[in-house]
Amino acid sequence: MTKTVSVIGIETTEIRWIRLLVSLLRHPDPSMHELARQALLYLADAAEKREASHPQSMDHAG
C-alpha cells in the first residue's frame, strides 16, 4: 500500500524531481549517491545566486 505524505513548500510540478532524487539516493551504486550530492550542491548554489541577483521584498502588504 502506498502512503502519501504532504510536504510544505513542494509544488506538484516538483514531485517528479523529488522522486528522481530519492531514486538516486536509494541506488545500489555508491557513485550515484555522490552524483546526487553534487547535483544538490550545484542547485543550492544556483538558487543562492539567483536570490542574490533578484532580492524579493518580504512585505506582502502592498
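Just so it is clear, the structure is predicted and the values come from calculations on it, not from any experiment.

S.K.: Sorry if this is basic, but what is going on with the packing of helix H1 (residues 15-26) against helix H2 (residues 30-53) here?
M.R.: In the contact formed by H1 and H2, the axes pass within 7 Å of each other and the chain directions differ by 140°. Judged on the interaxial angle alone, H2 and H1 are oblique. Residues Leu-21, Leu-24, Leu-25 and Arg-26 of H1 lie in contact with H2, whose contacting residues are Met-32, His-33, Ala-36 and Leu-40. In terms of residue class, the contact of H1 with H2 is made up of 6 nonpolar, 1 polar and 1 charged.

S.K.: Help me understand the environment of Glu-34 in this model?
M.R.: Along the chain, Glu-34 falls in helix H2. Residues Glu-34 and Leu-24, 10 residues apart in the sequence, show an inter-C-alpha distance of 9.2 Å. Separated by 2.8 Å, the side chains of Glu-34 and Arg-37 make a polar contact.

Quick notes on the rules
Residues numbered from 1 in each chain as written. Predicted model: local features only at pLDDT ≥ 70, side-chain atom pairs only at ≥ 80, totals over all residues. Heavy atoms only, no water. Axes fitted to C-alpha atoms, helices over the stretch in contact; angles between N-to-C directions. Helix = DSSP H or I, 4+ residues; strand = E, 2+ residues; numbered from the N terminus. Parallel < 35°, antiparallel > 145°, perpendicular 65-115°, else oblique. Contact = heavy atoms within 4.5 Å. Nonpolar A, V, L, I, M, F, W, Y, C, P; charged D, E, K, R; others polar. Polar contact = N/O pair within 3.5 Å; in protein donor to acceptor, adjacent residues only side chain to side chain.

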